[in-house]
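A look at the structure
Here is what each chain is made of, one letter per residue.
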Amino acid sequence: MAAADIHHRTPEFRALYQRVLIQLKDFVGTKNDVILISSSGTGAMEAAVSNLTSPGDRVLVLTAGKFGERWVSLAKAFGCQVETLSAPYGETFSIEEVRAKLKPDVKAVFMQATETSTGARHCVQSVAALTKEADALLVVDAITGLGTTQFDVDGWGIDVIIGGSQKAVMIPPGLAYCAVSDRAWQRMETTKNPRYYFDLRKERKSAAKGESAYTPAVALIAALGAAFDYIAAGAGGDIVAGRDALIHNAEVVAEMTRAAVQAFGLKLFAPTAPAAAVTAVYAPERTDSGAIVKGFKEQFAGVIANGQGEMKGQLFRIAHLGFFDYLDTIAMIGGLEHVLQPILGRDLLGVGLKAAQQVYAKRRGTSLTQLLESDHRCSCGRPMAECSPTLAVVGA
Ligand SMILES: *Cc1c(COP(=O)(O)O)cnc(C)c1O
């Protein structure tokens, strides 16, 4: 990043930008144009709403946490008539309920792939199967989903999928990106909501010439390119294989973490459809989760997160974004044993570690496809029987 003092209207920058945009397409796994914007993730969420809706449009938001609520606020801010399908925090939606809410006049459906505030995973694949046949565009906030969760963006028909730089691509905050389908580009020609800085069509035009519409976050773009090189380097230079390794890693360390905290006798906050992006855990009874967050920081200078909003104090969250690998996860679980032992008043040493190691021993050497197919799970993590039985298993 420090070396990236390149002027943005030069051949050097154009070469960098074009290279990163190609890497981004491979990372997202799409043939659609990917737009990069200099903002945090919410900027791309706002762009999706402002570019794809008109005041008065009926839209459906699937909400089960703080980020779902952000879609509600954004869509209201742009004058949409917002229908919501809510699930309690920690849970996901029933596909039958989504089907029932998806009336013919719904213009767009907004959802999260992974609800970072609760640790739940939502089944993008089964919602996409509904929107593909409808007029409604599907907009997915996959800010913690990309790089932790497998998607078939074009095959499923996701119209907009959004990512951010500070999550699984492991660089500082400040960049957002989104892949946009042909259907969504067409919709933008007729929608009426105001947009200027976040006009995706303007960015698309500039990107075709290797530039961004306004001064981009040059250093972050250089960092993103370096992150993709790093991800690819772990898989012989193949970015798609590197991304799959990143997802495989997240799935395995998330499963290790779930096994460990359950071995401590703690409860998962999102047990039915847990995300690979983050594991949310209820604090023990009569314990403020802030004490665990604080203890972990004081003893190990490590960061685990408290709950957001009304969930503050109730739960703590452990991220699996980027290459937090086996050794990092084992160290984190070992540290948690020391922090939780006096709180739970039981001998915990080695208890979570053993459970986590058993998961690793079972999953080691599996391919991503084998991992996702194990126990015949849907891409959302739930047993296939709970999702539409007509859905293909990821990678099958
Ligand atoms: C981090 C995150 C965001 C983006 O938030 P910003 O602070 O704007 O980057 C949005 N949705 C989800 C699910 C997230 O995890």
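This text follows the structure it describes.
Presented here is an overview of the structure given in this document. (Residues numbered from 1 in each chain as written. Predicted model: local features only at pLDDT ≥ 70, side-chain atom pairs only at ≥ 80, totals over all residues. Heavy atoms only, no water.)

So, helix α13 (residues 351–363)
We apply this condition: Comment: elements are numbered from the N terminus, with helices defined as DSSP H or I runs of at least four residues and strands as E runs of at least two. The span one expects for a helix is its residue count, reduced by one, times 1.5 Å. In this scheme, a residue with accessible area under 20% of its type's maximum is buried, one over 50% is exposed, and one in between is partly exposed, where area comes from a 1.4 Å probe on protein chains only. Note that the arc is defined by the directions from the helix axis to the C-beta atoms. Residue contacts are counted whenever heavy atoms from the two residues lie within 4.5 Å of one another.
Compared with the 18 Å implied by 1.5 Å per residue over 13 residues, the 19 Å span of α13 between its first and last C-alpha is a close match. Every buried residue belonging to α13 is among G352, A355, A356, V359 and R363, and all of these are buried. Viewed end-on, α13 has its buried residues packed into an arc of 95°, placing them on one side of the element. The inward-facing, buried residues of α13 contact α10 (239–263), α12 (326–344) and α14 (368–373). A positive phi of about 85° marks G365, the residue just after α13.

Here we look at the pattern of salt bridges
Condition: Any Lys or Arg side-chain nitrogen found within 4 Å of a carboxyl oxygen on Asp or Glu counts as a salt bridge.
Evaluation of the coordinates by the stated rule reveals 18 salt bridges. One salt bridge in this structure joins E69 and K66, with 2.8 Å as the shortest N-O distance. Of this pair, E69 and K66 both sit in helix α3 (residues 66–77), three residues apart, which is roughly one turn of the helix. Ionic pairing is found between E96 and R99, a salt bridge with its closest N-O pair at 3.1 Å. Taken together, the residues E96 and R99, both in helix α4 (residues 95–101) and three residues apart, mark about one turn of the helix. Its relative accessible area of 43% is what places R99 among the partly exposed residues.

A word on the pairing of strand β8 (residues 160–164)
Convention followed: In this scheme, strands are said to pair when DSSP sees at least two bridges between them.
The buried fraction of β8 is high, at five of five residues. The alternating pattern of β8 places V160, I162 and G164 and I161 and G163 on opposite faces, both of which are buried. Note: strand β7 (residues 137–141) against β8, three bridges, orientation parallel. Within β8, the residue paired with V139 across the bridge is V160. Direction of pairing for β8 relative to strand β9 (residues 176–180): antiparallel, over a ladder of five bridges. Paired with G164 across the strands is A176, a residue of β9.

Describing the packing of helix α1 (residues 11–28) against α10
How two helices pack is summed up by the angle between their axes together with the distance between the axes. Selection rule: Lines fitted to C-alpha atoms define the axes, with helix axes restricted to the stretch in contact, and inter-axis angles between N-to-C directions lie between 0 and 180 degrees. In this scheme, roughly parallel covers angles under 35 degrees and roughly antiparallel covers those over 145, while 65 to 115 is roughly perpendicular and the rest are oblique. Crossings are classed by handedness, with left-handed meaning an anticlockwise turn of the near helix from the far one by less than a right angle and right-handed meaning a clockwise turn. All amino acids are sorted into three groups, where Ala, Val, Leu, Ile, Met, Phe, Trp, Tyr, Cys and Pro are nonpolar, Asp, Glu, Lys and Arg are charged, and the leftover types, Gly among them, are polar.
Where α1 meets α10, the closest approach of the two axes is 8 Å, and the angle between their N-to-C directions is 50°. Between α1 and α10, the crossing angle belongs to the class labelled oblique. For the element pair α1 and α10, the recorded crossing hand is right-handed. For the pair α1 and α10, contact is made by Q23, D26, F27 and V28 and by I239, V240, R243 and L246, respectively. Looking at the contact of α1 with α10 residue by residue, the class counts come to five nonpolar, one polar and two charged.

Bear in mind that shape data such as this cannot, by itself, settle questions of function.
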